[in-house]
Each structure stands twice: as C-alpha cells, then as structure tokens.
4 protein chains.
Amino acid sequence: MTRSLLTTNNGIPAQRQYIFSLGCPDRTGIVSTLSTFLADIGAWITEADFFSDPETGWFFTRQAVRADELDMGVDELREKFAELVADWGPEVRWKVTDTAVAKRAVILVTREGHCLQDLLGRVAQSDYPMEVAAIVGNHRDLEPLAQAYGIPFHHVPFPKDAVGKRKAFDQVAEIVDAENPDAIVLARFMQILPPDLCEKWEGRAINIHHSFLPSFMGARPYLQAYRRGVKLIGATCHYATQDLDDGPIIEQDVIRVSHKYTARDMQRQGRDAEKQVLARGLRWHLEDRVQVYGNRTVVFS
Amino acid sequence: MTRSLLTTNNGIPAQRQYIFSLGCPDRTGIVSTLSTFLADIGAWITEADFFSDPETGWFFTRQAVRADELDMGVDELREKFAELVADWGPEVRWKVTDTAVAKRAVILVTREGHCLQDLLGRVAQSDYPMEVAAIVGNHRDLEPLAQAYGIPFHHVPFPKDAVGKRKAFDQVAEIVDAENPDAIVLARFMQILPPDLCEKWEGRAINIHHSFLPSFMGARPYLQAYRRGVKLIGATCHYATQDLDDGPIIEQDVIRVSHKYTARDMQRQGRDAEKQVLARGLRWHLEDRVQVYGNRTVVFS
Amino acid sequence: MTRSLLTTNNGIPAQRQYIFSLGCPDRTGIVSTLSTFLADIGAWITEADFFSDPETGWFFTRQAVRADELDMGVDELREKFAELVADWGPEVRWKVTDTAVAKRAVILVTREGHCLQDLLGRVAQSDYPMEVAAIVGNHRDLEPLAQAYGIPFHHVPFPKDAVGKRKAFDQVAEIVDAENPDAIVLARFMQILPPDLCEKWEGRAINIHHSFLPSFMGARPYLQAYRRGVKLIGATCHYATQDLDDGPIIEQDVIRVSHKYTARDMQRQGRDAEKQVLARGLRWHLEDRVQVYGNRTVVFS
Amino acid sequence: MTRSLLTTNNGIPAQRQYIFSLGCPDRTGIVSTLSTFLADIGAWITEADFFSDPETGWFFTRQAVRADELDMGVDELREKFAELVADWGPEVRWKVTDTAVAKRAVILVTREGHCLQDLLGRVAQSDYPMEVAAIVGNHRDLEPLAQAYGIPFHHVPFPKDAVGKRKAFDQVAEIVDAENPDAIVLARFMQILPPDLCEKWEGRAINIHHSFLPSFMGARPYLQAYRRGVKLIGATCHYATQDLDDGPIIEQDVIRVSHKYTARDMQRQGRDAEKQVLARGLRWHLEDRVQVYGNRTVVFS
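In the nomenclature of an unreviewed UniProt entry, chain A is known as Formyltetrahydrofolate deformylase of Corynebacterium lactis RW2-5. As its UniProt record puts it under Pathway (unreviewed entry), chain A is described as follows: "Purine metabolism; IMP biosynthesis via de novo pathway; formate from 10-formyl-5,6,7,8-tetrahydrofolate: step 1/1." You can read under Sequence similarities (unreviewed entry) in the UniProt record for chain A the words "Belongs to the PurU family."

What follows is the structure, encoded as structure tokens:
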C-alpha cells in the first residue's frame, strides 16, 4: 500500500491562538474600545497590527491572543465580539478565528506542477497552516502527485466550446462548494473564472499570475516581457475578480533577467517567483492577515 | 557670496505628530491602559506598533498621534505620561517627542564622501527629518562639501600616537557635546570610538560598517570578502558600542557580486549599499522607530 | 573664492584600456576572426563578452584590451578594425574607444535634485567614468548645486505654450550640441523630448522613468501605483525614443512597499530606486557596455 | 500500482550542445587559439564566457557549441581538444561534455524534506538537467517521498559513536560510489563528511548551509542569527571540503527578517532561501558553469 506523503500534523502553530480581524470606518476611540474589550476578557495579546487609511478613512486591525489564557471558547468570543460591534453600523466587517481549526483549500491545476508541488511540500513538512481538501485538474498530469500525497484528485476536462466549458465550470464549482473551503487556489490553472464564480468565491479565490502586474496582463506574459526587453520579470498573487488580472494584489516579487534569457528561459526562471509569491500570499490569506478594501489590500505580515 | 544648498525646510512632516515610545516588562493590560490613556486625552492615532518579545518578556510600542487634534502641548503630555507609568517600576523606558522639533545630528567623516553627500542631498531635498548641526573631519577633504551646504566644518587631525589620538577624541567630543545632538553619525569615520565616548553617546552614536555583519568584522572587510569568495557583499548600520562592530544592528542590506569583481570593485559597488543602509537606519532612529534591548533592536519601520 | 567640489581625477580607470564593440548578423567564424585579429596585434584581453541572439540572428561582442601592451594608438586601431570589417556588409556597427578619453555628459534637470546630486557625488568621488560638460535646468532650483561643483548651469525656462516650448527646446539643443556629448541625461527632466531631438540624440539620450515600465507609463506613476495597490514600485533607465516611455530599457529595479505607503511615501522612497537605476544604467552606457537592437538592449555588465 | 511522479524527459535541453570548459594560467593568444580551433572544426558557438583573474593570473572559459552542426561526436572532440592543450603544461584543467548525457546525482538527506522536494519537483517537471540515481537517508522520514518519485532510497542509520558513524559513512560511500555520480548533494544532510570522503568527492560534493557564510558557521545558525539580531538571514551553496563550512562558495542569497521573527520563524523562512540557493548552485554545477580556483569559484551563469 502506498503511504501518503502527508503526516498528521497540519501546520497548526504549537501555541493555539484566537485571531480578531476588524475593518470599519475610522473614528477616535476604536483602539481603546478594542483594547478594553480584550483586557476585560483577560486576553494576552501576542500580535497586534493596526492601519488607518488616510485616503478612505477606514481602520483595520488584526490581533492575536493566546487561547490557553482565556476561560472561554471561540464561539463565546464571537458572541461577545458581535455585541461589542453591534451598533457600529452596517459597514463593519469582522471575524474571530481559531488557529486550532486548520484552514481548508481546494487547489485548481492544469499541467504545470511547480506551484502544486511547492504547496504540498510545505503542507507535508507541517510548515503551512492548510489542509488540502481536494485537487481539481482539467488534465490528468498532476493526478499522480495528488495521489502520492493522498489527496482526492478530480479530473474535469475543459472542452473548447463555450457550453462545454460552462458545464465544466459547473462541475468544478460543485466539487469546490462541497468542501466549502477557506481558499480556492488557482495554482497555474489556465482557465478564466466566469463572473458568477468570481462573485461566489469573492475573497477566497486566489490566483497566481505570471507577471509583475499590471505589466503584461493577459496571455503569454513571459513572451510579452521578452519582447519588451525588461530587465526584471515577476509574479503576482491576487484575489480573482471579474476584472481579469486586475483583482486586489496580495503579494508580488521579481527575478532579474538579462539579454541572454529567451522567453522560455524567463518562463522557467519565473516559476521560482510564481511558487514563492503564491506560497507567501496564500499563507497570509490563511493566517487572516489580509483584508481587502476597494481594489487594494492591507497585509499584516 | 556662496548660496547654501540647504533650503529652509528641514524635512519636518507636513502633519505635526507626537510620538509615544515605550519599552517595559510585558504584562496583561498594558495595551489597554495605553489605549485608554490616549482615548481619554482625545488622541487621534495615526500609527501604532506593538511588539511583545517572547524570549525576554519585554513589551515595546510606538504610537503616533495628530498634534492638531490635541488641546495640550508636548510638555503637558510628558507630564501626564510620566504620571501614567510612575509606578511601573524602574525598568520602564519611555519618551514623547514632537515631530515639529527637528532632530539634530553631528556627522563624523574622514575622506570618503559618499555617505555625507547622500545624507546632505536628502536634507537639502527636504526629504529627511534631520538638521546637521556640524560636521567633523579628521581630514579636510570634505570641507568644501560642508561649505557648499552651509554647515560648520571642524577639522580635527588624528595623530597616530595614542596620546595624540585621545586628545583628538576629546576635541571631537567637545564639539559634539556642545550641540547635544540626537545622533552622532559615523559616516565612514575610520577611527574607533574610545569606550567612554561609546558609553556617553550610547543609543545615539550610529555607525555604518562596510560588511554584512557579523561577517568580516574588523579592518578591510571588502578585501576579506574578496578572499573568501562570497557572492553577496553588504553593509550594516548599527549603534556603536564598546564591542567593536558588535553593537545592536538597525539595518542591513546586500549587493550581488561575481567572480569578476576585484576587491576594489567590491569597495566601489559596496558604497551604494553603505549609503542606502545608513540613510534608512538613521532615518528610523531619527523618527524614534528604533528601540534597543540587549544587543538587538526593535525597528517599527 | 568658492572651491569646486570636483577634483581633477575624472573616474578614469587606473589601467587604460581600448574597448572594441561590435554588432552584426551572426555567422560561423566571427569569434575566431576577431580573436585572431586581436592576437595578431598582440592584444592582452582583460574582458570579453559575447552574445548571439537566437531570435534576430544577430551577434554582439565587447572586448577590452590593455592599452599599455599595444604598440599602436586608438586611431591606428580604428583603421585596422575598419579594414577587418570592411566587407561585412552595411549593417555592421562597431566602435573602438579609449578609456583614457573621459566620456562627457550634459544633464537636463527640473527641480528634483536627487539624481543630479547622486551623479555629481559619484563624479566628485572619482568613482564614475564621466565629465559633466553642462547642466541645463528649466528652473533655477538646482543652480547652486551646479555651482558648488563648478559646472556651468544654463537656465532655459519652458513656457506652457507649444511655440514657446519649441523655442525652449531649440535653445536646449543648441547648448547640448555645442558640447557634442556622449550622453544627454534626462535626470528627472519633466519635459517630453520632441521627435526630432529623440532622433538626433538617438542612442545618447538617457531617461530615468519613475516606474517599473511598462507598468504605469505616462504621468504620475506613483499615484497610479498607489491606486493599483502594487506591492513593489520601481524605476527604469531607458534610451529616449519617439515612443514615450517605450524606448530600449537599460536597467530596472524595484523597492518593496506596503499598504502603509501613501503615494507621497512611494514618491520619496522611489527616489532611491531612481538614482540607483540611473547611476547603473548610465555607467554601463558610458563604459560602452550597452548595444541596442530593435527595442531591446544587450548589456555586458 | 503506484505511478512514479517522474516522467521520461530528464530536463535535457531541446538543443543538444557540447560544452568546453578550460582553466589554465593566462597568456596572450589563448582566446585566439581556442577560437581558431572551434572555427576549424566548424563549431557554431551559442554561448561563450571568459574570465581572466588578475590576482592569480589564471584564465577560465566555458563555451557551448551546437552538436547538430558538427560532424563528429564528443569522443572525437575530446581527442582533438586533448591534442590542442597537450603541451600547455600540467596545470591545465579541461573537459568536454555532451548535454545529451544527463548528469547523475546521489542525494543525501536526514529528516527535513524541503530541499529534496524542491529538487525532485524540478526534475519531475523536466526542468532540471539531472537524473537522481539514489537517495540516502540516515532516517526513514523521506523514504515515501523517494518512493513516490520512483527513486531507490537507502536507509543508513548513523549511530552516535565514532566507530558506528565511520561504518555508516563507509556504507554511504559504497552506495554513492556504485553510481559514480556527477554530484553528491548534501540536501540538509546533518552529518559532517569525513576528510577522506571530502577528498574523494572533491568538486562533486555540494552542500547547502543554512546561513550566509562566513556568518554563523557551525551548529544552529538560525539561533546564532536570532541572538545576534541580524536583519537578513541567508543560505550558502558550496563545495564540501575538509574545512567545515569553508569550501568554495557557488551561490548565496538572503531573506529579510525583523524583530518579530523567533529563531523558529527564521528557520522556517530560511528554508525558502535554502532550497532556492541549492537549486541554483547545483544547476550551475550540473551545467558545467562552475570552476574552482583556490577557495573561490568562477560561475559562468
């Protein structure tokens, strides 16, 4: 029998924490109100980040507290927090999460395996706060990799015609939604999500684009980069939205190239940026470090 | 008459702020106490950073509030803050500063001008929160540069013998202490500060070392780097202490080199790292973003 | 009397060299022919770079030889080289230069001084292979800086109307062409070169654009970057052509930013990238390390 | 039956090439002699790199020629090349290799899998010029990973006592030498190679050290880095020699850290640098781009 490469430990941090995330219009006293709330329940804060955006007038915070120091569970915490912000208006967005509950992802792939390999390797090394519920591929190339890690692989072929493609997307959506994942990861999935799925999965669908956006949007960015003669190539991890390649950016990075690089060399080298940038951006998403406002993100990394 | 290159604007931020800095042993409720204090005086917080060090059990924070929203001055604020922390024990360290009061520096140099040029250029462009009170050189090479910027230049020759060197240092100390500067910047000053000056200027004397410390401590780091065959060279901005090249590190960066680089090439290229790293580290110091604990620094950048 | 900040040494390398540059359609035997030529004249090669572009089928090389080992001067060398390539067809491009003859530049500026300061600082430190023949500004802000370094400053005001602007450009062109410089450096010169000047100065007019091109072409790139929410900002050094912001790229680099950065913060931080990228790209141009083919560059750095 | 994750394609470049590598004392005419030799056999050069080291007076070159343009095989080429350099003295070092012959590696591991995963992922994606002949582990943790890729895994336990350890090394050497590999990769193999194996495998044993050498040599470099309070951590890929952590460096890189990082965070983040640096350095070794002289390397990357 094949042993799975996944061990039981799923990257959950040794010290259990509750994470408070909040975004709301800024006003005097918010920090104090939150701090008093946390002090009153006896919270031991281990991480606290704040950001007040001068342009939009919004306030964002993320605070981590030690779970073992509290005499209540996450559900009771949520109730109390809901009371606290009950009259803060309809715009306020918040959540309280428990690091002992592993985040779950469904990963969509095509043929190129470097991002999937990298992510699965991190999970296998208990180095990543994620469980992979399922992998969906429109080709079978990466099925053996999924099997080696003991993860269900769903093969959903994508025909070229619009109707067939739509049906394929419906099938993908069914698989994804059955898992209700915290992240739908487009790990070099070369299909464009239809608007309804972008909307349904808003803030959960994470794409890795193989260019330093907004440079080289659209198809074949490495070829575009080669033709323009740039001296750096890059990768961008962003939330998928209906505006193709234009969603809120979580993370970016670049790699130096020279005149010696063909478009194919750029593609090969660029993979290193792609997998790194996806791994970093996805981690921050899973650790509730990312908040979206308009087309931008706060990343409390 | 020579016009000075310095304009009147000294890089003070457009929006005046008061900066609260605090370091003390951590315990539950500190954040809440501080937040309540700030809320009670009606403070509008624009930046807030916190760090709780798991190893030492110390807590650090830096908070910036809008001065124009408060109905009291910085002196009254200091009084109130002193009351707040009065019974927090002898270890607590804090300060409250006013960004409208420009920080003042004395810069010590020898012959190489790239760091001095870079800093003066930033000041002249109203891009740096610093006034240069005086420049001290043990050679006259950089006197014309000081004059061009209208800054007093003091030439203090350093003899080779111990007695003469000690006298020279006493003279430097007299010039420096007359200005009571917020920063004593060793901008490629090739003399080793004696222990008593390190102690007297503790937390204010900032050195730029031309290697990625702790690699290549001591003399001629580029030659050491060349001989070891490293593929990256670097620079380190740190507080000067009695342990040469071993003070608390504020900032570091590296530059890629190859087998083509001679030691002289490394020296030339390394200057770009030196001036960048010094400019960044010194800025953070002047903006009260750095706190030292043991041999390490918290940098709220 | 004001002493100039410029010393006599103009950054010429200690070891005098002749530089051979060649670009031509590739075919078998070119390297051998060149090598035999150099061997026959007794050349001691200290640097040799080659590039064969698979897409265009062009071949490029740069070779540096020690001048002190040759029993002929650069003029004789040029004659011999001209004979060598006489029948290689009309497309071949070549030059032979002498590092003992300092390259000369005219620098165009507006108000922001960071690039000019950085370049003049490098020249003053004998760290840059350039003499600055003149500085032209459409404002007087940087005149004192030019004076401090003893360099002629020409003030050419730019009216807003098309006719006045054209006249101003003619005046600039007259000043520039009187110097016949090796480089016309647009060091944050905020005027768009008219097509005829782009053509006349082709391969010599070097611009620093304050974005990571092709991202954020056109006006106010930092504001564009801020609005798009990118996580890295950059700068691009390129040859000025009639296609605005679309000329052949010599060098690029980026700086990490976060949600904390306002557009103004990006502008301030971006200056560090701008001056570094310009300094590197311009150096390579002056050292005859750059060859243009189509809209791309070979950079033998 | 388990399918292996390895496809048949082993990362051999599409265009077959012969690679000439040469290192010898420099003198006038070498480049010409080589070029004439290559021209005479009708070689189409696609890549040519040269380096003349001013300090040691040695000359190094690497040249790639298209195999399909030559009417002889690699053996005949070697014969001809041997004749060419026959009287160049005993010091000359050279080789001619054929990119159609995949390089073979044996990988030594302990428990941490990130480097192994990364390398196997690259090989599986036909993106790396390597075949993995065998994997040796002193623990069984990574056996399933080896099996998933269909690669023989040898478990060689390492006792703590000197005699047992020596026997274990003898067993490892037997497994390695049976494969006569082009590279023996210490992919986070936490045992120190004995001097006789360093000597036997000189220029083939490649280690990844988890610090920016020469900083933090020896044990637990991340803990050392944490304690020193550095702002960047790094990794170093180098040839293993008898001087522990002091062998010729092939590649290095760094990652930015802050006061927020515990030693454990550094360890986790540092893995990203480790696997990248090892992948790059090992690739250059396998592509015959690295030549060692003294304790330094020429890397024609």
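Still more to cover.
*Asks:* For this particular structure, what's the right way to read empty space enclosed by the protein?
*Replies:* Take a probe with the size of a water molecule and roll it over the atoms, and the empty space left behind shows itself. A full pass over the atoms with the stated rule returns 16 cavities of 30 Å³ or more. Taken as a whole, the largest cavity holds about 190 Å³ of empty space. Surrounding the largest cavity, 20 residues form its lining, Gln117, Asp118 and Lys275 of chain A together with Asp118 and Lys275 of chain D being those nearest its centre. For the lining of the largest cavity, a count of residues per class yields no nonpolar, eight polar and twelve charged.

*Asks:* For this particular structure, what's the right way to read the pattern of salt bridges?
*Replies:* One side chain can pair with another of opposite charge once the charged atoms of both are near each other. This model, assessed by the stated rule, comprises 128 salt bridges over all chains. Among the salt bridges present, the one from aspartate 272 of chain C reaches arginine 122 of chain B, with a minimum N-O distance of 3.0 Å. Remark: arginine 122 of chain B occurs in helix H3 (residues 114–124) and aspartate 272 of chain C occurs in helix H8 (residues 263–286); the pair is interchain, linking two chains. One salt bridge connects arginine 166 of chain D with aspartate 196 of chain D, and the closest N-O pair in it is separated by 2.9 Å. Remark: aspartate 196 of chain D occurs in helix H6 (residues 195–200) and arginine 166 of chain D occurs in helix H5 (residues 162–179); sequence separation between them is 30 residues. By relative accessible area, which is 30% here, arginine 166 of chain D ends up partly exposed. Exposure remark for aspartate 196 of chain D: the relative accessible area of 36% places this residue in the partly exposed category. It is possible to trace a salt-bridge network through shared partners that takes in Glu47, Arg62, Asp127, Arg283, Glu287 and Arg289 of chain A together with Glu112, Arg188, Arg268, Arg271 and Glu274 of chain D.

*Asks:* What is the right way to look at the interface of chain C and chain A in this model?
*Replies:* As a measure of interface size, the accessible area lost when the parts come together is often cited. Taken residue by residue, the interface counts 37 residues in chain C and 37 residues in chain A. Carbon and sulfur atoms supply 52% of the area buried between chain C and chain A, which totals about 3,100 Å² over both sides. Put simply, chain C and chain A have six salt bridges between them. Across the salt bridge formed by arginine 256 of chain A and glutamate 251 of chain C, the nearest N and O atoms sit 3.0 Å from each other.

*Asks:* I keep staring at the domain arrangement of chain A and nothing clicks. Help me out?
*Replies:* All names here are of chain A. What the domain assignment lists for chain A is domain 1 (17–98) and domain 2 (103–299). For domain 1 and domain 2, the distance between their C-alpha centroids amounts to 31 Å. With 15 residues of domain 1 in contact, the opposing surface of domain 2 contributes eight residues. Our count for the contact surface shared by domain 1 and domain 2 stands at three salt bridges. Among the salt bridges present, the one from glutamate 55 reaches arginine 296, with a minimum N-O distance of 3.7 Å. Linking domain 1 with domain 2 are eight residue pairs in polar contact (both at pLDDT 80 or more), by the criterion used here.

*Asks:* Hey, could you run me through the packing of helix H1 (residues 30–40) of chain A against helix H1 (residues 30–40) of chain B in this one?
*Replies:* Between two packed helices, the angle of one axis relative to the other and the distance separating the axes together describe the packing. At a minimum axis distance of 8 Å, the contact between H1 of chain A and H1 of chain B shows a crossing angle of 150°. Seen from above, H1 of chain A lies across H1 of chain B with left-handed handedness. Facing Val31, Ser32, Ser35, Thr36 and Ala39 of chain A of H1 of chain A, the residues of H1 of chain B in contact are Val31, Ser32, Ser35, Thr36 and Ala39 of chain B. Along the lines of polarity and charge, the residues of the contact of H1 of chain A with H1 of chain B split into four nonpolar, six polar and no charged.

*Asks:* Explain the interface of chain D and chain C here, please?
*Replies:* On the chain C side, the residues contacting the 13 residues of chain D number twelve residues. Summed over both partners, the interface of chain D with chain C buries about 1,200 Å², with 61% contributed by carbon and sulfur atoms. When residues of chain D are sorted by the area they lose upon contact with chain C, Thr28, Ser32 and Phe50 of chain D head the list and together hold 30% of the total. Taken together, chain D and chain C are joined by zero salt bridges. Summed over the shared surface of chain D and chain C, the result is one residue pair in polar contact (both at pLDDT 80 or more).

*Asks:* What is the right way to look at the UniProt feature "active site" (unreviewed entry) in chain A in this model?
*Replies:* Mapped onto the present numbering, the UniProt feature "active site" (unreviewed entry) falls on Asp245 of chain A. Along the chain, aspartate 245 of chain A falls in the loop between strand E10 (232–239) and strand E11 (249–256). If we ignore the near neighbours within four places in the chain, the residues touching aspartate 245 of chain A are His209, Leu213, Met217, Gly218 and His238 of chain A together with Arg228 of chain C. A distance of 3.3 Å separates a polar atom in the side chain of aspartate 245 of chain A from a polar atom in the side chain of histidine 209 of chain A.

*Asks:* I tried to follow the pairing of strand E12 (residues 290–293) of chain C on my own but got confused; where do I start?
*Replies:* Taken residue by residue, a regular strand's side chains alternate between the two faces of the sheet. All names here are of chain C. One ladder, built from four bridges, connects E12 with strand E13 (residues 296–299); its direction is antiparallel. Bridge pairing in E13 places valine 292 opposite threonine 297. With antiparallel pairing between neighbouring strands as the criterion, E12 and E13 make up a hairpin whose turn holds two residues, including glycine 294 at a positive phi of roughly 60°.

*Asks:* When you look at the sheet that holds strand E11 (residues 249–256) of chain D in this model, what are you seeing that I'm missing?
*Replies:* Think of a sheet as strands paired side by side through backbone hydrogen bonds, with each pair either parallel or antiparallel. Residues and elements named next belong to chain D. As summarised here, the arrangement of the seven strands in space is E7-E6-E5-E8-E9-E10-E11, forming an open sheet in which the pairing is mixed. Both outer strands of the open sheet, strand E7 (153–155) and E11, are each paired with one neighbouring strand and no more. Averaged over neighbouring strand pairs, the angle between their axes works out to 20° when direction is ignored. Lying on the sheet, helix H8 (residues 263–286) is in contact with strand E5 (103–109), strand E6 (130–137), strand E8 (183–186), strand E9 (205–209), strand E10 (232–239) and E11; it crosses E11 at an angle near 155°.

*Asks:* I would appreciate a short explanation of the sheet that holds strand E10 (residues 232–239) of chain C in the present structure.
*Replies:* Residues and elements named next belong to chain C. Spatially, the seven strands line up as an open sheet ordered E7-E6-E5-E8-E9-E10-E11, and their pairing is mixed. Each end of this open sheet is capped by a strand with a single partner; those strands are strand E7 (153–155) and strand E11 (249–256). Averaged over all adjacent pairs, the angle separating strand axes in this sheet is 20°, with direction ignored. Pairing geometry for E10 and E11, over seven bridges, is antiparallel. Considered in E11, the bridge of threonine 236 is made with glutamine 252. Helix H3 (residues 114–124) contacts strand E5 (103–109), strand E6 (130–137), strand E8 (183–186) and strand E9 (205–209) of the sheet and is inclined by roughly 155° relative to E6.

Calculation criteria
Residue numbers run consecutively from 1 along every chain, following the written order of its sequence. Here every chain gets a letter starting at A, and every ligand a number starting at 1, in the order they are written. Selection of residues for local features in this predicted model requires a pLDDT of at least 70, selection of side-chain atom pairs for listing and counting requires 80 or more, and totals for whole chains, interfaces and linings are taken over all residues. Computation of side-chain values covers all heavy atoms of the structure but excludes hydrogens and water. UniProt positions are given in the numbering used here, feature names are shortened, and annotations may be inferred rather than shown by experiment. With a 1 Å grid laid over protein atoms only, a set of points is called a cavity when a 1.4 Å probe fits there but cannot get out and a pocket when it is open yet has protein on both sides within 12 Å along at least five of seven lines; lining residues have an atom within 4 Å of a point. Grid points are joined across faces, edges and corners, and a volume is the space filled by probe spheres set on the points. Gly falls in the polar group here, along with every residue not listed as nonpolar (Ala, Val, Leu, Ile, Met, Phe, Trp, Tyr, Cys, Pro) or charged (Asp, Glu, Lys, Arg). Definition used for salt bridges: Asp or Glu carboxyl oxygen within 4 Å of a side-chain nitrogen of Lys or Arg. Each helix is a run of H or I in the DSSP string that is no shorter than four residues. Each strand is a run of E no shorter than two, and both are numbered from the N terminus. The cut-offs for exposure are 20% and 50% of the maximum accessible area for each residue type, with area from a 1.4 Å probe on protein chains only; residues under the lower value are buried, those over the upper are exposed, and the others partly exposed. Should any heavy atoms of two residues lie within 4.5 Å, those residues are counted as being in contact. As a working definition, buried area equals the accessible area (1.4 Å probe) given up by two parts on being put together, with both sides summed. Where a domain begins and ends is set by an automatic assignment or by a domain database. In the analysis that follows, any N or O atom pair within 3.5 Å is treated as a polar contact, provided that within protein one partner can donate a hydrogen and the other can accept it, and provided that, for residues neighboring in sequence, both atoms belong to side chains. Lines fitted to C-alpha atoms define the axes, with helix axes restricted to the stretch in contact, and inter-axis angles between N-to-C directions lie between 0 and 180 degrees. What makes a crossing left-handed is the near helix being turned counterclockwise from the far one by less than a right angle; a clockwise turn instead makes it right-handed. We treat two strands as partners when DSSP finds at least two bridges between them.

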